[in-house]
Amino acid sequence: MKILSLIPGRIRLRIAELYKDVQSAEIMEIYLKGLTGTKKVRANPVIGTLVVEYEQEKLTTEEVVRAINDFEPDDYLSYLYEYYTDYYQAKRDFVAARDKTLLFAGIFLLYKIKGLLWGKSILNKDLTFLIVATIVSLVSSYPTLNNIYQRMNQSITELADDLLIWSGILLTLLRESTGLIFLFLKSITDLIGEHSNLQLQQVLLANDRNRLELVWYNHNQQEYLLPLKEVERGDLISFYEEEMILVAGTIKEGTAIVSLSYRSGQPEVKQLTEGVKVVPGMLLLAGKIKVKVAQVSIKQKTELEEVKMKLREEVDNYQQHSLYTASSLAICSYLTTGTLVGPLSIFLVMSPSATEIALNAGLAKYAKLLLRNKILLKDVNKIEKIIEVDQVLFDKTGILTSGKLEVVEMELTDNTYCYKDLKLTCQQRFDLAEQDQITSITDVEDSELLSVKELQFEEQYLTVYIGTVDKVIGKVKLREQLCFASKEVIFKLKRRGIEVELLSGDRRSNVEHIAQKLEIKEYHGELTDQDKMNQIANKNENVIMMGDGINDLAAIKTADLGLTFKQSECKEVVASADCILLDKDLNLLPRLLALSEESYQQIRLNIVVGQGFSLLLSSIALFGSINPFLAKSLSTLNSILAILNSARILQLESNLIVDDKIEGVDLDEENIQLLNR
């Protein structure tokens, strides 16, 4: 390793181990980006250099150099690479598309200069050469011909597609026709597409706090980050504040206060000490514990469901039949004109590639539109599932409610204590709303003697009796806090004709109260995760399930579309959900529905326009009015128009959502203000 340059906050080195080793360079980038204080890392395997920019307040030059010296690509860090392959593949594809764009731009300029100085090649107007170029183009454009070509080249299957692509490019270059400018425009289109894909991968990485599901593994009195899938029974794992417990086991060291909201659906807080058993789904609110693993909660790898869009089936059907339509028109053209010019032109302008481009480009823009609106849809092919949804099922805690309890009423019967003492005692057992949390009290000694003596459930209220060893000194009445947007969102869904149902593991009386307050007719309480899954499995409708706890996992996997918040502490739910709302805003759900409907209509329109354009041109070419040179350029133009039309999807705004002011609905003052805004 040799330091090439060093300025405050930036170091550039030459590292022999990185030279021509792309994988080691990429792992090095991942490794160094994980250091606290690094701002930017660029490893270049072509020349074996590394540039690191860092914050001098958090990281020193010596620490950067030491970290690089300690790096071993074959050590335990090598597993990181498999989780970043999609990102780095997208990055490589973007670089390749950029280089191709620059190449075609350079060739186009060189041909322009050559044409001005020496004129065009004789091949440019040669009919035989044109026929060969047309055949190559047709084979790559029509699925039926392409399948025949692939079967004929089974021995070189891996090279068959590349052979077609480069043959088409070479013939276009030799012709020196206007097709060159379309090659350049097509490369720009590819560049834009790859840049969008790269942005998508960056968003995926940036919005997943524990993408790798890493845990702190204890070995030889030191802690190492290890993937959850590598953890075995008997290992000692550390969990810190704000982390979700991902294993079942026994606490061997430390104490912690945990929330059970994501496990049971009830906003209860519990203190854990040494010797107590823990289960996946508990969220650490405070403290640190070391757990001896008894069982690991690992997602079993399952075959991904192949989502076949109806619209894609229509496009595939059109592509399969386009050859027969073009052949019929070509025969008519030959009988009418007696030349090959018309038939060749018809085959070129009837190329169905524009319809597939319209579909794929539209779906790509749709995904980007959702990202702009803080919505991440993992599989854009599920757009039809979204627009055809019949019912939305909600978990209660953390979705429609905040998962916290608010103080409704307090009663004190012993003046030795104060109301703060009552709140603090409740806070040690339950997760209170922010406005009710206590950070300090007047008399620490007295408050420590207080404890929860009894709990009583009265409809939606939980009454907590607090006292000393000998007597009750007061009581606190608690109620679950409703999310501010819940009522508004339920009205929006009903306005769309979508049924709403509430599924919860909480007490039935509390679930009933929340359902009545939100005017939800169908509700179920005291459900296990298996009960929730069965509720969805028994439905014959398109269903969206929205939840954020470990007890929602099975239901989210079973639903046609699983939905959760990015902020969910249960990473298994985030990993399993089909769609992730990147902000903790329930209004993103109706926005998802509205944007999906409008995007789908625009995609379908773009496909119809592309098909209509091909039919219009083929009717003109039927009488020999379009020569093959122009036909090929017009076919390419059709594909470019499909991409440009797809860009209109990005212009869709959130105001496409229907007006939610519903006549005859009795809203409280708070929700009326929300709707007016």
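Peer 1: Talk me through the overall build of the protein; I want residue IDs and the actual numbers.
Peer 2: Scanning the protein from N- to C-terminus turns up 23 helices and 22 strands. Scored against the burial criterion, the 677 residues of the protein give a buried share of 49%. Of the contacts made within the protein by residues no fewer than 6 positions apart, 67% connect residues no fewer than 24 positions apart. Counting every atom, the protein has about 33,800 Å² of accessible surface; 52% of that belongs to carbon and sulfur.

Peer 1: Account for the pairing of strand β2 (residues 10-14), naming residues and giving values.
Peer 2: Only one face of β2 is covered, namely the face carrying Ile-11 and Leu-13; the face carrying Arg-10, Arg-12 and Arg-14 is uncovered. Between strand β1 (residues 2-7) and β2, which follow one another and run antiparallel, lie two residues, and Gly-9 among them has a positive phi close to 85°. One ladder, built from five bridges, connects β2 with strand β4 (residues 49-54); its direction is antiparallel. Looking at the pairing, Ile-11 lines up with Val-52 of β4.

Peer 1: Please provide a residue-by-residue account of a negative patch on the surface, values included.
Peer 2: Taken together, the side chains of Asp-390, Glu-499, Glu-522 and Glu-541 make up a negatively charged region of the molecular surface. Secondary-structure assignment places Glu-541 in the loop between α18 (529-537) and β20 (543-546).

Peer 1: So what about unusual backbone geometry? Which residues, and what values?
Peer 2: A positive phi angle is found at Lys-20, which is not glycine, with a value near 60°. Structurally, the position occupied by Lys-20 is in the loop between β2 and α1 (22-33). Residue classification places Lys-20 among the exposed residues on the basis of a relative accessible area of 63%.

Peer 1: Go over the nonpolar core, please, and point to the residues and values.
Peer 2: Formed by 56 residues in total, the largest nonpolar core has its most connected members in Phe-394, Leu-400, Leu-493, Leu-502, Met-546, Leu-586 and Leu-592. Examining the composition of this core, we find that nine residues originate from one element, helix α12 (residues 353-372), more than from any other. If we skip the residues at most four places from it in the chain, Met-546 touches Leu-393, Phe-394, Asp-395, Ile-399, Leu-563, Phe-565, Leu-581, Leu-586 and Leu-589. Counting residues in hydrophobic clusters, the runner-up holds 36 residues, among them Val-278, Val-291, Leu-553 and Cys-570.

Peer 1: Which residues make up the packing of α1 against helix α2 (residues 61-70), and what values go with them?
Peer 2: Between α1 and α2, whose axes approach to 11 Å, the crossing angle comes to 135°. In terms of orientation, α1 lies oblique with respect to α2. Pair α1 / α2 crosses with right-handed handedness. Contacts between α1 and α2 involve Met-28, Tyr-31 and Leu-32 from the former and Ala-67, Ile-68 and Asp-70 from the latter. Among the residues making up the contact of α1 with α2, the classes are represented as five nonpolar, no polar and one charged.

Peer 1: Give me the sheet that holds β1: which residues, what numbers.
Peer 2: Strand order across the open sheet formed by four strands is β1-β2-β4-β3, with antiparallel pairing between neighbours. Of all the strands in the sheet, just β1 and β3 (38-44) have a single pairing partner and so form its edges. Between one strand axis and the next, the sheet turns by 10° as a mean value, whatever way the strands run. By the bridge criterion, five bridges tie β1 to β2 in an arrangement that is antiparallel. By the bridge assignment for β2, Ile-7 is matched with Arg-10. Against the sheet, α1 touches β3 and β4, its axis set at about 170° to β3.

Scoring rules and cut-offs
Residues numbered from 1 in each chain as written. Predicted model: local features only at pLDDT ≥ 70, side-chain atom pairs only at ≥ 80, totals over all residues. Heavy atoms only, no water. Helix = DSSP H or I, 4+ residues; strand = E, 2+ residues; numbered from the N terminus. Buried < 20%, exposed > 50% of the residue type's maximum accessible area, 1.4 Å probe, protein only. Contact = heavy atoms within 4.5 Å. Areas by Shrake-Rupley, 256 points an atom, 1.4 Å probe, with all protein chains shown as cover. Pairing = 2+ DSSP bridges. Patch = residues over 30% accessible without salt bridge, like charges linked within 9 Å, V, L, I, M, F, W, Y side chains within 5 Å. Salt bridge = Lys/Arg side-chain N within 4 Å of Asp/Glu carboxyl O. Lys, Arg positive; Asp, Glu negative; His and termini not counted. Charge placed at Lys NZ, Arg CZ, Asp CG, Glu CD. Core = buried A, V, L, I, M, F, W, Y, C linked by side-chain atoms within 4.5 Å. Axes fitted to C-alpha atoms, helices over the stretch in contact; angles between N-to-C directions. Parallel < 35°, antiparallel > 145°, perpendicular 65-115°, else oblique. Left-handed = near helix turned anticlockwise from the far one by under 90°. Nonpolar A, V, L, I, M, F, W, Y, C, P; charged D, E, K, R; others polar.

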